[in-house]
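Now for the letters of each chain:
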Amino acid sequence: MEVLLDKLHKVQDEFGFLPESEIVRIANEQGITKSELFGIITFYSRFYLQPVGKFVIRICKSLSCGINSAADVRQKVEEHLEIRNGSSKDGLFRLETVECLGHCGEGPIMTINDKIYDKLNPEKAIEIITSYQHKGEENA
Amino acid sequence: MPEHKYLKKFIEASPSGDFANLRKAVEYGRDKCLNELEISGLVGRGGAGFSTAAKWKFAWNSPDVVLICNGDEGEPGSFKDRYILENGAFLLLEGLLISAFMLNSSEVYLYIRDEYKDALEAFHKCLDDNLDLIVWYCEQVNPGFELKVVCGGGAYVCGDETSLINSLEGKRPHSRIKPPYPAEKGLRGLPTIVNNVETLSNLPLIIRDGGEKFSSMGVEGSRGSKLICLSGNVEKPGLYEIEMGKITLEEIIYTLGGGCPNGKLKFVIPGGTSTAVLAPDGLKIAVDYGSLRKAGTSLGTGAVIVADESVDALDAACNAADFFMSETCGICFPCKEGNRQIDHLLNLIRQGKGQESYLKLIQDVALTASCAARCGLGQSCGNMVTSLIDKFRTDFVGAKL
Ligand SMILES: Cc1cc2nc3c(=O)[nH]c(=O)nc-3n(C[C@H](O)[C@H](O)[C@H](O)COP(=O)(O)O)c2cc1C
Ligand code: SF4
Ligand code: FES
């Protein structure tokens, strides 16, 4: 019982995004056109058509986090990385603001490659991101 | 998340580990189990509060029922299903197996949003830990049984049962027109029962204690306990388990939650951003489906969001409008375009470029969207925004218009 979502996740886990050749292959398997599959993929927010940064940072902007000053966190992170919703030039980071991540009692919430960081303030967020910057540079 | 002393039922019930409730259900047989479920008065915990037994009866005599457990939890303010998956996976697993047995269903899905990685891991661990019992279940109780855990792709609307079915079918996951309801015609045209994680986690308790005892908790139309996700400007945010109808919203916020730490309470959202807000004078209200409905709002998913006086009603409205604008599936024009217009008009007001007539316009657009909407997203998208306009008009008119 493999469903389309399984196939998409599998490819994205391997490549970090969905390469066109794989989209063509999966569309054939599913018996739909490439454009139909494209329409399905882009409906979802978590699939990428191009390579994205090594570390995907998502900051929650929904109401509970908003009430707890998530906007301040987001602004500082944007300034620090010099990006708004997008990838950094060095390819290390991608920044997204997203809807509720299901940890509303502990907001503001940020995830980096799906690891949860809670009860953030701007300073704490920058500190965490800096540690990833070091990690990225070490591995470079 | 720290374990909370109010989470009596879920913590107590979880670690039994031997499927005692499942075994009991099998001894009872499916009809007696349905009888217990009916007596229990359980209603769905995914938002609508529809009777679980009534839903199941639509498909009771069908041979190929598909069962889907909805763990796509995306309503801002909600985190209860994640908590169950992470801390009570066994309870959900047992609930799923009991339900599949009762419904004669061998094709079962658990759809978890992709963001919930820890939840996914916890549930898989639970499956691994209970492999022997699952083998026994497959051989002795429900031959052909297959449980498939599916990760979502990141789309709030997939929480709607018909969108979720489209998503599983590999289609563009927008909502379907109802009727036919999924219980009649769902996945691949088969009768399909969709239930929330919290709903199915109640099944082992109903079998263990009997429907009578379950229904002795709560009030008419809202039997049993409910998980409440408390967040926002509150001293002790977190997950609480309450007996429905026996505690007021005020008590949840002040007695359990310790009140607002830094200022006076301004408004409360009782059930997530799809529900209308209540002002401080409306909080002496019992928390159950019926009482909140009567007050013009809804218990929704049980996501109680508290806002103190530092929160501008216009900002909160913009936040909700932005959410619905980005999450509409776009298939009904009034929902797709209406949410865009609501967001646009609110932002004009925020920038000081608004007119007072916009407020009426926003309410009209919201009403149109709710009347024309195919699914609950469009039906409820205006609840929070219009109630904020009604109750805190000065925040909108104030300096900005
Ligand atoms: C836009 C939208 C999102 C929804 N999201 C969820 C969700 O995340 N989880 C859920 O259980 N139900 C959700 N629902 C309700 C489901 O359609 C369905 O009613 C529910 O899963 C039925 O289960 P229940 O009877 O156990 O509550 C959503 C509905 C709509 C319209
Ligand atoms: S009401 Fe909105 S979200 Fe629901 S089907 Fe229509 S356009 Fe899609
Ligand atoms: S509102 Fe931010 S995690 Fe839910």
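What counts as what
Residues numbered from 1 in each chain as written. Chains lettered and ligands numbered in written order. Predicted model: local features only at pLDDT ≥ 70, side-chain atom pairs only at ≥ 80, totals over all residues. Heavy atoms only, no water. Helix = DSSP H or I, 4+ residues; strand = E, 2+ residues; numbered from the N terminus. Rg over C-alpha atoms; globule rule 2.2 N^0.38 Å. Buried < 20%, exposed > 50% of the residue type's maximum accessible area, 1.4 Å probe, protein only. Contact = heavy atoms within 4.5 Å. Areas by Shrake-Rupley, 256 points an atom, 1.4 Å probe, with all protein chains shown as cover. Lys, Arg positive; Asp, Glu negative; His and termini not counted. Charge placed at Lys NZ, Arg CZ, Asp CG, Glu CD. Near = heavy atom within 4 Å. Polar contact = N/O pair within 3.5 Å; in protein donor to acceptor, adjacent residues only side chain to side chain. 1 Å grid on protein atoms, 1.4 Å probe; cavity = no way out; pocket = protein on both sides within 12 Å on 5 of 7 lines; lining within 4 Å. Sits in = over half its atoms within 2 Å of the grid points. Arc of directions from axis to C-beta. Pairing = 2+ DSSP bridges. Axes fitted to C-alpha atoms, helices over the stretch in contact; angles between N-to-C directions. Buried area = accessible area lost by both parts, 1.4 Å probe. Salt bridge = Lys/Arg side-chain N within 4 Å of Asp/Glu carboxyl O. Nonpolar A, V, L, I, M, F, W, Y, C, P; charged D, E, K, R; others polar. Domains from an automatic or database assignment.

1. Side note on the overall build of chain B
Now for step 1: From N to C terminus, chain B includes 20 helices and 10 strands.
Now for step 2: Relative to the 2.2 N^0.38 estimate, which gives 21 Å for 401 residues, the radius of gyration of chain B is 21 Å and therefore close to what a compact globule would have.
Now for step 3: Expressed as lengths along the three principal axes of its C-alpha atoms, the size of chain B is roughly 70 × 45 × 35 Å.
Now for step 4: Within chain B, the fraction of its 401 residues that count as buried is 61%.

2. Remarks on the overall build of chain A
Now for step 1: Of the regular secondary structure elements, chain A holds 6 helices and 5 strands.
Now for step 2: Listed N to C, the secondary structure of chain A is α-α-α-β-α-α-β-β-β-β-α in terms of helices and strands.
Now for step 3: Taken over the C-alpha atoms alone, chain A extends approximately 50 × 35 × 25 Å along its principal axes.
Now for step 4: In chain A, which comprises 140 residues, the proportion classed as buried is 54%.
Now for step 5: Contacts in chain A between residues at least 24 apart in sequence constitute 58% of all its contacts with a sequence separation of at least 6.
Now for step 6: A total accessible area of about 6800 Å² is found for chain A, and carbon and sulfur atoms account for 48% of it.
Now for step 7: Positive and negative side-chain charges of chain A, numbering 17 and 22 respectively, have mean locations separated by a distance of 1 Å.

3. With respect to the site of ligand 1
Residues and elements named next belong to chain B.
Now for step 1: As a matter of local geometry, ligand 1 sits amid 18 residues, with Gly 46, Glu 161, Asn 195, Asn 196 and Thr 199 nearest to it.
Now for step 2: At 2.7 Å, a backbone N or O of Gly 46 approaches an oxygen atom of ligand 1.
Now for step 3: Within the contact set of ligand 1, an oxygen atom lies 2.7 Å away from a side-chain nitrogen or oxygen of Thr 199.
Now for step 4: Burial of ligand 1 by the surrounding chains reaches 89%, relative to a free accessible area of 610 Å².
Now for step 5: When atoms are counted within 2 Å of each cavity's grid points, the one that captures over half of ligand 1 is the largest pocket.

4. Side note on helix H2 (residues 20-28) of chain B
Residues and elements named next belong to chain B.
Now for step 1: What H2 keeps buried is the set Asn 21, Leu 22 and Ala 25. Viewed end-on, H2 has its buried residues packed into an arc of 100 degrees, placing them on one side of the element.
Now for step 2: Where H2 is buried, its residues contact helix H3 (30-40), helix H6 (89-102), helix H8 (131-141) and helix H11 (203-209).
Now for step 3: At the exit of H2 stands Gly 29, carrying a positive phi of roughly 85 degrees.

5. Let's talk about the environment of A:Ile112
All names here are of chain A.
Now for step 1: For Ile 112, the location among the structural elements is in strand S4 (residues 110-112).
Now for step 2: Distance from Ile 112 to Ile 41, taken between C-alpha atoms, is 22 Å for residues 71 residues apart in sequence.
Now for step 3: Other than its neighbours up to four places away in sequence, Ile 112 contacts Phe 55, Val 56, Ile 57, Tyr 117, Ile 128, Ile 129 and Tyr 132.

6. Quick look at the sheet that holds strand S7 (residues 225-232) of chain B
Residues and elements named next belong to chain B.
Now for step 1: Within the open sheet, the 4 strands sit side by side as S8-S7-S10-S9. Their pairing is mixed. Two strands bound the open sheet, and with one partner strand each, they are strand S8 (238-243) and strand S9 (265-269). The sheet shows a mean angle of 30 degrees between the axes of neighbouring strands, taken without regard to direction.
Now for step 2: The strands touched by helix H5 (residues 80-87) within the sheet are S7 and S8, with S7 carrying the most contacts at an inclination of about 115 degrees.

7. What to know about the interface of chain A and chain B
Now for step 1: On the side of chain B, 52 residues touch chain A, which itself brings 30 residues to the contact.
Now for step 2: Both faces combined, the contact of chain A with chain B buries some 3200 Å², and carbon together with sulfur accounts for 59% of it.
Now for step 3: On the chain A side of the interface with chain B, the three residues burying the most area are A:Met1, A:Phe43 and A:Leu63, jointly 24% of the side's total.
Now for step 4: For the pair chain A and chain B, the interface holds 5 salt bridges.
Now for step 5: Of the charged contacts in the structure, one is a salt bridge between A:Lys61 and B:Asp322, with a shortest N-O distance of 2.9 Å.
Now for step 6: Looking at the side of chain A that touches chain B, the elements with two or more residues in it are helix H1 (4-15), helix H3 (34-43) and helix H4 (63-67) of chain A.
Now for step 7: Top element by residues in the side of chain A that touches chain B is H1(A). It accounts for 4 residues.
Now for step 8: Considering only residue class, the side of chain A that touches chain B consists of 13 nonpolar, 10 polar and 7 charged.

8. Regarding the domain arrangement of chain B
All names here are of chain B.
Now for step 1: Taken as a whole, chain B is organised into domain 1 (5-215), domain 2 (218-308) and domain 3 (313-396).
Now for step 2: Domain 2 and domain 3 are separated by 23 Å when their C-alpha centres are compared.
Now for step 3: Between domain 2 and domain 3, the contact holds 9 residues from the first and 12 residues from the second.
Now for step 4: Of the roughly 910 Å² buried between domain 2 and domain 3, counting both surfaces, carbon and sulfur atoms make up 68%.
Now for step 5: Taken together, the links from domain 2 to domain 3 amount to 1 salt bridge.
Now for step 6: Here Lys 266 ties to Asp 395 by a salt bridge, and the two come within 2.5 Å at their closest N and O atoms.

9. Section: the site of ligand 2
All names here are of chain B.
Now for step 1: Taken together, 13 residues sit near ligand 2, with Cys 329, Ile 331, Cys 332, Cys 335 and Cys 375 positioned nearest.
Now for step 2: In this structure, ligand 2 is accommodated by the largest cavity.
Now for step 3: Partitioned by chemical class, the residues of the shell around ligand 2 number 8 nonpolar, 4 polar and 1 charged.

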